[in-house]
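# Tertiary structure, described
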Amino acid sequence: MTVLGAVFRPQNPPELLREAARVAEATGLEELWLWEDCFLESGIASAAAVLAWTERVRVGIGLLPVPLRNVALTAMEAATLHRLFPDRLVLGVGHGVQSWMAQVGARVESPVTLLSEHLAALRALLAGEQVTVSGRYVRLDAVALDWPPATPPKVYAGARGPRSIRLSGEHADGTLLDSIADADGVRAARTLIEEGRAASGRTDRHHVVANLLAVTGSDAEARLAAERTPEHAPGAGVAGDAHAIAAAVTTLAEAGADTVVLQTTADDPDPAAYLRFVAEEVRPLVSWAPRARVT
């Protein structure tokens, strides 16, 4: 069955996050997602606050840019949240926006190599292993967490290009696809993910999260058009009422998305109201949507 989530975008002031978390919890929204976009809000700090303010809702971080973070620090922060709030954190890591990484002096020559090394080390540390590695970018000397999670948590990777998506299938437990992808993009990503999984001999389940730019209200068409970029696929994004958005969610689910995360535009004046709309009006219309069968 399709999991439905929504994003609290970091273009919103941080002080609006508590009300958004309260609404997500009260309305039964399954997942509340957060972004660590430069130079807006911290993914870890925001996630910790939401987890502390709520009891049920799962919190996704989509995503932490690995060039900004030493993998040991990422592991320490993730392990702490997983132990404090078991089974409620969905952690995503990725390349980050390369222009932002350049601004802070963290851009690397091979983002794919860095992500591969970071994922391998992060998953091993969260599994309680002692890690010694001397890679191109990740270097650890007998590093182990004193307080690893009781059960190794899943780590997702954000990916756009074919190499990164295939890498996610090989090294991550799930893939985050951003809102530029339409249903054809989800299907293509599933194929690449399976190629990566086959190359590494993985047989565990791989979870695909698709983001959907979904805009509602009287000016939805204009706001959607203003938010779209040349990178968005022709079928990416939807404007309309709950029925139109639910239909778009179902299309992505049938293409292979396990979770669909709805995002409104950056200029939405009431993020809490959008979360209520997703939970109370869209969710009942898509509760039946099946995930595509992957062979």
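Residues numbered from 1 in each chain as written. Predicted model: local features only at pLDDT ≥ 70, side-chain atom pairs only at ≥ 80, totals over all residues. Heavy atoms only, no water.

### Regarding the nonpolar core
Where we set the bar: Buried residues of nine kinds, namely Ala, Val, Leu, Ile, Met, Phe, Trp, Tyr and Cys, make up a nonpolar core once their side-chain atoms join them within 4.5 Å. A 1.4 Å probe rolled over the protein chains alone gives each residue an accessible area, and that area as a share of the maximum for its type sets the label: buried under 20%, exposed over 50%, partly exposed in between. The way it works is that DSSP assigns letters per residue, a run of H or I at least four long becomes a helix, a run of E at least two long becomes a strand, and they are numbered from the N terminus. Residue contacts are counted whenever heavy atoms from the two residues lie within 4.5 Å of one another.
Ranked by internal contacts, the top residues of the largest apolar core, which has 79 residues, are L212 and L262. Looking at which element gives the most residues to this core, the answer is helix 5 (residues 111-126), with nine residues. Not counting residues within four places of it along the chain, the set of residues in contact with L212 comprises G237, V238, I245, A248, V249, L252, V260, V261, L262 and Q263. Grouped together as the second largest cluster of nonpolar side chains are nine residues, V7, V90, Y156 and L176 included.

### Considering the environment of A273
Mapped onto the fold, A273 is located in helix 10 (residues 271-286). What makes A273 partly exposed here is its relative accessible area of 38%.

### What about the packing of aromatic side chains?
The condition that has to hold: Pairing of aromatic side chains requires ring centres within 6.5 Å, counting the rings of Phe and Tyr and the six-membered ring of Trp. Pairs whose planes differ by under 30 degrees are stacked, by over 60 edge-to-face, and all others tilted.
Scanning the entire structure with this criterion turns up one aromatic pair. When the ring of Y274 is compared with that of F277, the centres are 6.2 Å apart and the planes differ by 40 degrees; the resulting orientation is tilted. In this pair, Y274 and F277 both sit in helix 10, three residues apart, roughly one turn of the helix. F277 shares its class with Y274; the two are buried.

### As for the packing of helix 7 (residues 183-200) against helix 9 (residues 242-255)
Quick note on the threshold: Angles run from 0 to 180 degrees between N-to-C directions of axes, and those axes are lines fitted to C-alpha atoms, restricted for helices to the stretch in contact. We call two directions roughly parallel when the angle between them is under 35 degrees, roughly antiparallel when it is over 145, roughly perpendicular when it lies between 65 and 115, and oblique otherwise. Here is the rule for handedness: rotate from the far helix to the near one, and if that takes an anticlockwise turn smaller than a right angle the crossing is left-handed, while a clockwise turn gives right-handed. Classification convention: Asp, Glu, Lys, Arg as charged; Ala, Val, Leu, Ile, Met, Phe, Trp, Tyr, Cys, Pro as nonpolar; all other residues, Gly among them, as polar.
At a closest axis distance of 8 Å, the pairing of helix 7 and helix 9 adopts a crossing angle of 20 degrees. If you check the angle between helix 7 and helix 9, you find them roughly parallel. The chirality of how helix 7 crosses helix 9 is right-handed. Residue-level contacts link A183, V186, R187 and R190 of helix 7 to T251, L252 and A255 of helix 9. Looking at the contact of helix 7 with helix 9 residue by residue, the classes come out as four nonpolar, one polar and two charged.

### Considerations on helix 1 (residues 17-27)
Note the threshold: What the arc measures is the spread of directions leading from the helix axis to the C-beta atoms.
Buried within helix 1 are the following residues: L17, A20, A21, V23, A24 and T27. Projection of helix 1 onto a plane perpendicular to its axis shows the buried side chains occupying an angular sector of 165 degrees, all on one side. Along helix 1, the residues that are exposed and aim more than 90 degrees away from the buried face are R18 and A26. Buried-residue contacts for helix 1 involve strand 1 (3-8), strand 2 (31-34), helix 2 (43-53) and helix 10.

### Observations concerning the side chain of S116
Tracing the backbone shows S116 in helix 5. S116 gets classed as buried once you look at its relative accessible area, which sits at 18%. Discounting chain neighbours no more than four positions away, the residues touching S116 are L167 and H171.

### Comments concerning the environment of A225
With respect to the helices and strands, the residue A225 is situated in helix 8 (residues 220-227). Owing to a relative accessible area of 52%, A225 belongs among the exposed residues under this scheme.

### Here we look at helix 9
Note that an α-helix has 3.6 residues per turn; residues three or four places apart therefore point the same way. In plain terms, the rule: Each residue after the first adds 1.5 Å to the expected span of a helix. Distance and chemistry together define a polar contact, namely a pair of N or O atoms within 3.5 Å, with one atom able to donate a hydrogen and the other to accept it when in protein, and with adjacent residues in sequence counting only for side-chain atoms on both sides.
Over its 14 residues, helix 9 extends 20 Å from the first C-alpha to the last, a length consistent with the 20 Å expected when each residue adds 1.5 Å. Listed in full, the buried residues belonging to helix 9 are A242, I245, A246, A248, V249, T250, L252, A253 and A255. Turning to helix 9, the residues buried within the fold contact strand 1, helix 7, strand 9 (207-215), strand 10 (238-239), strand 11 (259-263) and helix 10. Measuring from the side-chain oxygen of the N-cap residue of helix 9 to the backbone nitrogen of H243 gives 3.2 Å; that N-cap residue is D241. One or two steps after helix 9, the chain reaches G256, where phi turns positive at roughly 130 degrees.

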